[in-house]
Amino acid sequence: MRKLGMGRSTGIYVIIALLLAVLPFVYDDRIILSLVMQVFIFGIFAMSYDLLLGFTGIVSFGHAMFFGIGAYSVAIVLNQNEATLFYLLLGTLLAVAVAGIVSFIAGVLTLRLQSHFYAMLTLALAGLFMVAAEKMRSLTGGNEGFVLMVPDMFIDTSGPTLYLTCLIVLVVFFFLVRRFTQSPVGKVLMAIRENEQRVESIGFSIMYYKVIASMISGIVASIAGVLYVLSLQFVDTSVFATDVTLDALLMTIIGGVGTLVGPIIGAGIIEFAHHWLSDLADVHWIFKRWIILFGIVYILAVIFFPRGIVGTLQEIWIKRKYKKQQGKEATKDKNEAAS
Amino acid sequence: MKALLELHDVQTYIDQYHILHDISFEVPKGEVTVLLGRNGAGKTTTLRTIMGLNPAAKGSVQYNSEDITKLSPYKIAKKGIGYVPEDQGIFEGLTVGENMRVAMKKENESTHERMEWVLDLFPDLKTFWKKPGGQLSGGQKQMLAIARAYMNENELLLIDEPSKGLAPIVVEKVMESIQQMKERTTIVLVEQNFLMASRIGDQFYILDDGQTVHQGAMEELQENETLRKKYLGIA
Amino acid sequence: MDLFFNLAINGLATGMLIFLLAAGLTIIFGLMDVLNFAHGGLFAWGAYSGVWIYDISGSFLVAILGAIVTGLLLGALTEWLIIKPVYGNHVQQILITLGFMLVLSEMLKVVFGPNQKSAAPPAYLDGSWQLGDVILIKYRIFIILVGALVYGITYFILKRTRIGLIVRAGVMNKEMVQSLGINIRLVFMLVFMVGSAMAALGGVLLAPYSGVIYAEMGMEFAILAFIVVVIGGMGSFTGSLLAAILVGMAQAFMAYYVSELSLAVNMLLMFAVLIFRPQGLFGGKGEAA
Amino acid sequence: VGCSSDDTASSEDEGSGEDTGSEQEETSGEDAGSSSEPVKIGVLASLSGALETYGVQTKRGFELGLEYATDGTMEVAGRKIEVVFEDTETDPKVARQKAIGLLEDEGVDVLVGSSSSGDTKAVLPIAKQHEKVMVVEPAVADSITGADWNKYIFRTARNSSQDAVAGAAAIADEGVEIATLAPDSAFGRDGVGAFVNAAKDLGADIVHQEFADATATDFTANIQKIIEADPDYLFVIWAGANTPWNQISDLKLQEKGIQVSTGAPDIAALKTMKPLVGMEGFTVYYHELPENEVNDWLVKRHEEEYGEVPDLFTPGGMSAAISIVEALKKTEGDATADSLIPTMEGMSFDTPKGTMTFREEDHQALQTLYKITLEEKEGYDYPVPVLERKLSPEETAPPIQNGQ
Amino acid sequence: MESIISTKDLTIAFGGHVAVDGITIDIPEKQFTSVIGPNGAGKTTFFNLLSGQLSPTKGAITFNGEDITKLSPTKRTRKGIGRSFQITNVFPNLTVLENVRLAVQSKNKVRFQMLRHFTAYKQFEDRALELLEQVLLADKAHSLANNLAHGEKRKLEIAMLLALETQVLLLDEPTAGMSLEEVPAILDVIRRIKEQGDTTIVLIEHKMDMILDLSDQVLVLFHGQLLAHGSPEEIMNNETVQSAYLGGLYDESSA
Ligand SMILES: Nc1ncnc2c1ncn2[C@@H]1O[C@H](COP(=O)(O)OP(=O)(O)OP(=O)(O)O)[C@@H](O)[C@H]1O
Ligand SMILES: Nc1ncnc2c1ncn2[C@@H]1O[C@H](COP(=O)(O)OP(=O)(O)OP(=O)(O)O)[C@@H](O)[C@H]1O
Ligand SMILES: [Mg+2]
Ligand SMILES: [Mg+2]
């Protein structure tokens with residue numbers, strides 16, 4: 001039965017992905033399309049965050065670091081060489097390598113401690129990366145960043161090529177990460193989230209698992225950074241900012257911690273809410289202060305959807321099932337009593 | 001005699017789960033009432049409902065003829081009800097001494113006397129006075145939980161499985177202490193140690209699947225083997 | 001030597017200012033285990049309301065009191081509306097307090113206008129004394145004194161009364177504390193109000209210090225406060241004081257002697273502490289004081 | 001869906017100044033070239049967030065500029081002018097999205113913006129892709145007309161180098177010893193670099209360069225070092241909220257014979273500079289400084305409209321509007337880049353700051369800057385910039401940095 | 001008799017307080033050893049040392065002739081020392097079935113498989129369900145562990161331990177808080193394992209009847225030291241044990 005359910009959800013995801021893939025050919029509001037593309041990019045990023053937070057129970061306050069590593073690796077490689085696909089791939093490999101190494105080190109240093117140490121260490125590291133990007137001005141142009149050339153096929157950032165690339169990367173990583181979370185290793189991660197000490201005493205070394213989670217998460221995040229810089233054709237130190245981490249965090253929480261689709265939906269909600277609320281500025285003066293409304297959305301989300309959108313839906317679904325079951329049992333009891 | 005505590009048709013939900021279906025019983029003043037029943041029968045939930053920690057959705061809890069069903073836990077506690085929870089409720093980061101201090105509503109002569117009495121009862125607590133509660137052994141935690149509840153002048157004590165994890169000699173001490181407390185305090189006891197329950201209980205209720213299914217005087221249960229077999233699975 | 005004194009005194013003053021900022025956070029975080037990202041917002045509101053009151057009343061003392069009252073009121077409101085539903089859940093605390101932070105900062109612009117505001121110390125705290133080549137800036141000495149006072153009073157309350165104990169117990173096991181007849185909800189609210197008032201006090205004192213206040217100041221300084229709390233050891237009140245002073249001093253001396261690294265001082269300090277002494281400089285047994 | 005922006009300030013609400021462009025009809029962005037169609041201008045500015053004040057100044061200036069340049073008709077060469085303002089939120093990502101929206105969904109012919117250099121840089125490549133002219137205002141980074149420049153980019157704002165040259169002109173002279181203090185960022189470093197060159201050209205000695213953490217609250221160490229260097233002047237380049245002014249005065253720099261000099265900021269920030277009364281420096285604009293009709297009109301209209309005087313970047317917004325309208329007059333309404341670029345290269349136009357000229361090589365507008373002293377004045381709650389002398393466009397012309 | 005675990009002068013001190021004090025003991029293979037002693041005697045701490053949760057300040061532990069004093073708990077579990085905990089220690093937000101399945105997975109050494117779906121390991125699930133049947137918890141298989149009553153959690157704890165199929169089982173008060181009715185069922189489970197005869201069991205309990213019923217040998221700890229050591233009968237008749245540990249209660253209960 002579970003197998004069947006799994007197949008069905010996969011089917012639904014594939015259909016949604018296909019619908020999104022034809023979107024740019026039937027709908028030509030470029031601003032919406034580029035917004036959707038941002039949702040893909042931040043969906044990947046938030047998903048990587050959820051792998052840490054939702055599945056392994058690790059909080060990071062410096063996840064932007066990996067995003068920034070991805071962005072700067074590609075930007076610098078493309079800027080220092082020719083803007084060809086080859087160098088793009090090379091930059092991406094560099095991003096993955098650097099993100100992998102940094103997440104490995106951060107993980108090894110702090111993951112044996114309580115989880116907020118990882119949070120704070122990554123915060124510190126992200127800060128140091130930001131300063132480094134600022135200081136290495138010959139490479140990075142300092143905090144004002146630089147405009148970069150991208151391979152020809154991606155020059156039209158609002159065209160379908162980049163859009164489809166982002167979508168494909170999202171879909172691929174979604175299924176990879178999902179498979180990962182449902183693998184035996186994924187199950188151990190969830191167990192670690194629940195009770196670390198107990199995981200050790202049933203024979204798993206938690207350090208390996210936490211470092212694996214940290215690395216995979218960091219690498220996936222760096223891929224999001226790569227796409228981001230492609231979509232922006234510009235990079236500056238703001239990619240390392242705490243705001244970026246907080247965005248991922250908010251997307252994850254709003255969508256539903258520990259659900260994988262949740263963060264992607266969260267990314268969609270935040271990007272679109274942001275867009276629409278800020279666009280309303282002329283309808284009424286209050287919308288000029290749309291940030292207030294945005295903040296209120298967060299507050300209401302916690303109060304009414306404490307487990308995020310997807311988490312809350314799941315909960316409702318489970319409750320329904322339970323009620324039904326109860327109902328069945330009750331009628332069964334009655335029947336028995338009657339006989 | 002007027003009952004100190006009465007539960008009428010109490011029903012309790014935890015989240016969406018219907019845990020207590022129909023609990024009714026009376027606790028006469030000055031006696032020890034024992035709740036018995038298998039794992040998951042709802043004993044702990046019943047005590048929590050009385051304390052207001054899982055308030056009843058239907059039915060009522062009367063204390064001193066006053067309806068306390070919907071009161072918040074601290075108000076209920078203030079009315080003179082003490083509680084020893086099943087999981088001991090130790091403040092793990094606070095030392096033994098601090099655990100005791102938090103529990104004391106006020107400090108005066110009588111609490112000092114009580115303190116001495118309690119520390120005589122459980123000398124271990126004195127030894128480990130400055131140790132964080134989280135580092136105590138299982139049995140020591142249990143002692144601390146009981147000791148805390150003894151610190152105040154309570155009219156009613158709800159005690160959930162006090163003998164759990166205690167060495168036989170300490171179990172005996174706890175029994176004695178409950179017997180001493182009985183002179184001043186009414187007690188509701190959840191206890192799996194039948195020997196202990198039968199020695200200090202005056203009357204019993206048996207819970208099953210969230211319902212009170214049987215009640216009687218303690219002697220009745222001691223004498224009636226079929227009853228014991230039926231509800232408790234022991235001879 | 002004069003140079004050393006100048007740097008040290010200014011470092012100390014900066015440290016005390018950071019401490020005032022972090023003190024509320026430590027209390028709320030250390031005692032109540034609440035990650036309050038709106039702390040910076042409360043701080044900014046303290047600054048704005050204080051400066052506003054100073055402008056209309058002309059009395060710095062009234063301004064300070066006004067900021068404290070603002071802090072208390074906002075603290076009560078925050079606890080009641082925002083924090084109450086999320087005790088014990090860090091993830092939700094982050095989301096809801098960040099949301100509230102946005103509201104608080106942006107409301108500043110609605111109420112006080114979007115421009116930055118200037119603030120100057122009152123005449124009796126303006127200027128400096130010169131002793132040889134050592135320059136004592138009056139306002140900074142004042143900050144050091146206020147910081148010491150706040151520390152002393154808070155330390156006394158935490159050590160000498162049952163309140164600190166009750167709050168910590170309440171965090172470890174709220175149900176049990178309630179079962180002991182304590183209205184932990186009320187206690188939490190009071191503590192939160194005090195923490196917010198400290199933030200507001202920090203805000204109003206910062207205003208003349210840096211000469212200017214702006215709506216985004218909250219977030220900027222809140223991160224600094226968090227860093228100090230971590231360096232000091234989560235929840236250690238004395239730790240925060242010492243860590244704040246350390247950060248203040250480090251900023252002053254690093255800027256002088258290793259100015260290339262001055263951008264990274266805070267992060268490097270935190271990095272070093274996390275690697276070599278992860279429980280924080282003064283953290284240990286979860287002592288609140 | 002629902003994203004078509006309604007904030008077009010069309011001629012209907014001319015003179016109302018309020019941005020209630022509610023009667024805006026949908027316009028298709030296609031073939032904007034035909035002369036019956038309105039010319040559409042998209043303005044990117046930080047209308048919320050940290051740079052909100054700058055964004056609002058630009059917006060007001062731009063609206064008034066159109067009004068001025070078209071004599072209130074909001075038409076040029078028979079074509080109506082429509083403006084769409086978009087808020088970049090000082091976030092390059094948003095800036096870019098908004099720019100794409102303006103170009104592709106709104107079909108604007110010319111872009112203007114924006115308040116931060118980062119936002120602007122993120123938009124430069126899009127202007128190029130879409131082959132649309134972009135007038136940069138008020139972002140200052142040199143690289144916009146330098147390394148990151150493309151031929152579609154014009155700038156009415158002054159750039160960092162111009163600031164620096166003006167700053168140098170205000171104080172540097174043969175044998176004068178100068179120390180600098182600036183934030184440790186690209187903005188600060190570029191600015192100091194340009195200043196140092198300009199000051200040296202004028203014969204001054206740079207005795208010390210100090211860079212400070214822009215978010216720091218304590219500048220004691222930095223100021224100590226400057227005191228030790230014992231210059232005649234301290235030239236400060238500062239942007240950002242935590243200002244060093246209080247400490248500069250508390251540590252008695254002036255009494256130690258060190259004169260402080262800097263660029264005067266907008267009025268809100270001037271209020272924080274009370275300790276610097278007497279300072280010599282320069283400014284981009286202060287409404288009492290220029291003497292010309294355009295400025296008189298601006299000050300008057302601005303006071304009517306908003307009840308306050310124009311501020312630092314208001315004339316910039318106005319200049320951008322004027323430059324576009326003037327260019328369109330010359331092309332007779334042809335808003336394509338092909339005809340606008342040659343027209344605008346070398347074009348001179350009258351602005352509240354006097355005549356500006358887009359330099360042919362890098363499209364940077366050469367313009368007047370002002371040497372001032374800050375003085376206390378009756379009726380002002382901030383130190384008032386008082387004119388010492390005008391620094392002519394030629395005098396402040398920055399080096400050409402785009403390799404042309 | 002072969003000994004499977006031996007300790008030599010095993011000692012641990014927390015600050016000044018010596019919780020386990022120079023214990024030298026051989027635990028015979030495939031036998032049932034019980035550990036008794038007053039509260040705070042150091043029984044749980046002794047277990048923590050054996051299973052690696054704590055490392056000793058002094059002394060050594062050998063397992064199957066190999067020195068394991070420095071090994072992590074994980075390594076020791078893999079080598080064959082499994083334990084249950086005195087305080088309930090499960091994965092609260094996973095279902096009962098998942099709790100057990102994780103242990104089964106560990107037993108089968110599926111550790112770093114990250115690409116196959118977990119349902120590909122159907123046999124794990126079957127085995128987990130089988131274990132839940134054994135401890136009378138099958139009907140709760142799909143509840144969250146968090147929602148179990150106390151006694152039910154104890155049973156889950158045992159199921160997880162059994163899933164590891166280790167050579168040695170360290171049981172720390174497995175039946176504390178379990179209802180009278182169900183204790184016999186759990187005892188049956190333990191007894192069955194004992195009768196299969198290939199597992200070494202070490203049990204901490206305060207229920208004397210259980211100890212008497214099951215044990216081959218009994219260790220008595222007192223203030224961290226090994227006070228006595230012998231057959232159940234010998235121990236019951238030891239006067240010090242009588243007065244310090246049992247008090248009067250035991251006599252009556254056995255009577
Ligand atoms: N938080 C909860 N959510 C859902 N169900 C719960 C929760 N807590 C308890 N239950 C269920 O309620 C029932 C009664 O639990 P309760 O703890 O009252 O039993 P008990 O009689 O005290 O059992 P024990 O003797 O094992 O302590 C059990 O079946 C348990 O699974
Ligand atoms: N982590 C620790 N830090 C400090 N002291 C500890 C720690 N763990 C245990 N102790 C102390 O060591 C002593 C032995 O504890 P242990 O838990 O081994 O007792 P036990 O024999 O299992 O008792 P019980 O029957 O009550 O479970 C106790 O006094 C306890 O307070
Ligand atoms: Mg129970
Ligand atoms: Mg024990």
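Calculation rules
Residues numbered from 1 in each chain as written. Chains lettered and ligands numbered in written order. Predicted model: local features only at pLDDT ≥ 70, side-chain atom pairs only at ≥ 80, totals over all residues. Heavy atoms only, no water. Helix = DSSP H or I, 4+ residues; strand = E, 2+ residues; numbered from the N terminus. Rg over C-alpha atoms; globule rule 2.2 N^0.38 Å. Buried < 20%, exposed > 50% of the residue type's maximum accessible area, 1.4 Å probe, protein only. Contact = heavy atoms within 4.5 Å. Areas by Shrake-Rupley, 256 points an atom, 1.4 Å probe, with all protein chains shown as cover. Lys, Arg positive; Asp, Glu negative; His and termini not counted. Charge placed at Lys NZ, Arg CZ, Asp CG, Glu CD. Near = heavy atom within 4 Å. Polar contact = N/O pair within 3.5 Å; in protein donor to acceptor, adjacent residues only side chain to side chain. Patch = residues over 30% accessible without salt bridge, like charges linked within 9 Å, V, L, I, M, F, W, Y side chains within 5 Å. Salt bridge = Lys/Arg side-chain N within 4 Å of Asp/Glu carboxyl O. Buried area = accessible area lost by both parts, 1.4 Å probe. Nonpolar A, V, L, I, M, F, W, Y, C, P; charged D, E, K, R; others polar. Expected span 1.5 Å × (residues − 1). Domains from an automatic or database assignment. Donors = N, O, S within 2.8 Å, 3.2 Å for Na, K, Ca; no water. Pairing = 2+ DSSP bridges. Axes fitted to C-alpha atoms, helices over the stretch in contact; angles between N-to-C directions. Left-handed = near helix turned anticlockwise from the far one by under 90°. pLDDT = per-residue confidence, 0-100.

Tallying secondary structure elements over chain E gives ten helices and ten strands in all. Against the globule reference of 18 Å for 255 residues, chain E gives a C-alpha radius of gyration of 19 Å, in line with a compact fold. Across its three principal axes, chain E shows a C-alpha extent of roughly 55 × 45 × 35 Å. Per-residue burial for chain E yields a buried fraction of 56% across its 255 residues. For chain E, long-range pairs separated by at least 24 residues make up 67% of all intrachain contacts whose partners lie at least 6 apart in sequence. Of the accessible surface of chain E, which amounts to about 9900 Å², a share of 48% is contributed by carbon and sulfur atoms. Both charge centroids of chain E, one from 25 positive and one from 32 negative side chains, sit 10 Å from each other.

Our focus in this paragraph is the overall build of chain A. For chain A, the helix and strand inventory stands at 15 helices and two strands. Relative to a compact globule of 339 residues, whose C-alpha radius of gyration would be 20 Å, chain A shows 22 Å and is just as compact. Dimensions of chain A, computed from the C-alpha atoms along their principal axes, are close to 85 × 55 × 40 Å. The 339 residues of chain A split such that 59% are buried. If you take every contact in chain A between residues at least 6 apart in sequence, the share linking residues at least 24 apart comes to 77%. When the accessible area of chain A is evaluated, it comes to approximately 13300 Å², of which 69% is carbon and sulfur surface.

This part is about the site of ligand 2. Near ligand 2 there are 22 residues, and of these B:S137, B:G139, E:K43, E:T44 and E:T45 occur at the shortest range. The environment around ligand 2 is built from residues contributed by chains B and E. Between ligand 2 and B:S137 there is a distance of 2.6 Å, counted from an oxygen atom to a side-chain nitrogen or oxygen. Here an oxygen atom of ligand 2 sits 2.6 Å away from a polar atom, N or O, in the main chain of B:G139. Look at ligand 2: alone it shows 630 Å² of surface, and the protein chains cover 90% of it.

Turning our attention to a negative patch on the surface. A surface patch of like charges, here negative, comprises B:E109, B:E113, B:E116 and B:D120. Within the element layout of this structure, B:D120 appears in helix α4 (residues 109-121).

With 29 residues of chain A at the interface, the matching set in chain E holds 34 residues. Of the roughly 2900 Å² buried between chain A and chain E on both sides combined, carbon and sulfur atoms contribute 60%. For the chain A face of the interface with chain E, the top three residues by lost area are A:P184, A:R198 and A:I202, together amounting to 23%. Across the pair E:E98 and A:K187 runs a salt bridge whose closest N-O atoms are separated by 3.3 Å. The interface formed by chain A and chain E includes 13 residue pairs in polar contact (both at pLDDT 80 or more). Looking at the side of chain A that touches chain E, the elements that each hand over two or more residues are α1 (2-26), α7 (160-182), α8 (184-194), α9 (196-201) and α10 (206-232) of chain A. The element contributing the most residues to the side of chain A that touches chain E is α8(A), with eight residues. A class-by-class count of the residues in the side of chain A that touches chain E yields 14 nonpolar, seven polar and eight charged.

Most contacts, among the seven pairs of chains that meet, fall between chains A and E. Across the gap from chain D to chain E, with no contact made, the nearest C-alpha atoms are 35 Å apart.

Right, let's talk about α4(B) for a bit. Taking 1.5 Å per residue as the helical rise, α4(B) with its 13 residues ought to reach 18 Å, and the 19 Å between its terminal C-alpha atoms agrees with that figure. Where α4(B) is buried, its residues meet α3 (96-103), α5 (123-127), α6 (138-150) and α7 (168-181) of chain B.

In this section: the domain arrangement of chain E. Residues and elements named next belong to chain E. Parsing chain E into structural domains produces domain 1 (1-80 + 168-255) and domain 2 (90-165). The straight-line distance from the C-alpha centre of domain 1 to that of domain 2 is 26 Å. Every contact between the two is made by 17 residues of domain 1 and, on the other side, twelve residues of domain 2. Buried surface at the junction of domain 1 and domain 2, summed over both partners, amounts to about 1200 Å²; 69% is from carbon and sulfur atoms. Contact with domain 2 buries area across many residues of domain 1, yet R78, I186 and V189 alone supply 31% of it, more than any other trio.

Another aspect to go through is the interface of chain C and chain D. Across the contact, 33 residues belong to chain C and 28 residues belong to chain D. Together chain C and chain D conceal approximately 2900 Å² of surface at their shared face, both sides included; 51% is due to carbon and sulfur atoms. Counting the surface chain C buries against chain D, the share from its top three residues, C:Q116, C:Y256 and C:L263, is 18%. Counting the contacts that link chain C with chain D gives two salt bridges. C:K109 is the partner of D:E52 in a salt bridge, and the nearest nitrogen-oxygen pair spans 3.5 Å.

So, about the coordination of the magnesium ion (ligand 3). Residues and elements named next belong to chain B. Donor atoms from the polypeptide that bind the magnesium ion (ligand 3) are T44 (OG1) and E86 (OE), placed at 1.8 to 2.2 Å. One end of the pair, T44, is in helix α1 (residues 43-51); the other, E86, is in the loop between β6 (81-84) and α3, and 42 residues separate them in sequence. Overall, the relative accessible area of 14% leaves E86 in the buried class.

Contacts to ligand 1 come from 21 residues, most closely from B:G40, B:T44, B:T45, B:E86 and E:N147. At the site occupied by ligand 1, nearby residues are drawn from chains B and E. In the model, an oxygen atom of ligand 1 is placed 2.8 Å from a nitrogen or oxygen of the B:G40 main chain. At 3.3 Å from an oxygen atom of ligand 1 is found a side-chain nitrogen or oxygen belonging to E:K140. For ligand 1, whose unbound accessible area comes to 640 Å², protein coverage reaches 88%. Along the lines of polarity and charge, the residues of the shell around ligand 1 split into six nonpolar, nine polar and six charged.

Residue and element names in this part refer to chain D. With respect to topology, seven strands assemble into an open sheet ordered β8-β7-β9-β10-β11-β15-β16, the strand pairing being mixed. Whereas interior strands pair on both sides, the edge strands pair on one side only; in this sheet they are β8 (205-212) and β16 (384-391). Averaged over all pairs of adjacent strands, the angle between strand axes in this sheet comes to 25 degrees, irrespective of strand direction. Here strand β10 (residues 259-264) pairs with strand β11 (residues 280-283) via two bridges, running parallel. Bridged to G263 within β11 is F282. Sheet contacts for helix α4 (residues 160-171): β7 (177-183), β9 (233-236), β10, β11, β15 (369-375) and β16; angle to β11, the most-contacted strand, approximately 150 degrees.

Below, the discussion takes up the packing of helix α2 (residues 39-57) of chain C against helix α3 (residues 60-83) of chain C. Residues and elements named next belong to chain C. The contact between α2 and α3 brings their axes to 8 Å, and the two run at 145 degrees. When the axes of α2 and α3 are compared, the crossing they make is right-handed. Across from L42, W45, G46, S49, G50, I53, Y54 and S57 in α2, the residues of α3 making contact are F60, V62, A63, G66, A67, T70, L74 and T78. Of the residues assigned to the contact of α2 with α3, the class counts are nine nonpolar, seven polar and no charged.

A few words on the pairing of strand β13 (residues 354-358) of chain D. Each regular strand displays side chains that alternate between the two surfaces of the sheet. All names here are of chain D. As judged from the four bridges shared by strand β12 (residues 348-351) and β13, these two strands associate in the antiparallel manner. Pairing of T351 across the sheet is with G354, part of β13. Taken together, β12 and the strand that follows it, β13, pair antiparallel across an intervening segment of two residues. Sheet topology places β13 next to strand β14 (residues 365-366); two bridges connect them, and they run antiparallel. Within the sheet, the bridge partner assigned to F358 lies in β14 and is A365.

The next thing to look at is the pairing of strand β2 (residues 17-28) of chain B. All names here are of chain B. In terms of strand pairing, strand β1 (residues 3-14) meets β2 through eight bridges, oriented antiparallel. The partner of L7 across the bridge, within β2, is F25. Between β1 and β2, which pair antiparallel in sequence order, lie two residues; one of them, D15, sits at a positive phi of approximately 50 degrees.

Residues and elements named next belong to chain D. Read across the sheet, six strands follow the order β2-β3-β1-β4-β5-β6 without closing on themselves; strand pairing throughout is mixed. Of all the strands in the sheet, the pair left with one neighbour each is β2 (75-76) and β6 (153-155). Inspection of the sheet shows β2 paired to strand β3 (residues 79-87) by two bridges, in the antiparallel sense. Its bridge partner lying in β3, V76 is registered against R79. Along the sheet, helix α1 (residues 52-69) makes contact with β1 (39-45), β3 and β4 (110-113), crossing β3 at roughly 175 degrees.

Before going further, it helps to examine the environment of A:F117. Residues and elements named next belong to chain A. Tracing the chain through its elements places F117 in helix α5 (residues 115-135). For F117, a relative accessible area of 10% puts it in the buried group. Placed 180 residues apart in sequence, F117 and V297 show a C-alpha to C-alpha distance of 30 Å.

Let us now look at the confidence of the model for chain A. Residue and element names in this part refer to chain A. Per-residue pLDDT for chain A averages 86, and the proportion of residues at 70 or more is 91%. Within chain A, no element has a lower average pLDDT than helix α13 (residues 285-288), which sits at 70, and none a higher one than helix α3 (residues 64-80), at 95. In the predicted structure, residues 1-5 sits below a pLDDT of 50 and forms four contacts with residues beyond four places in sequence or in another chain.

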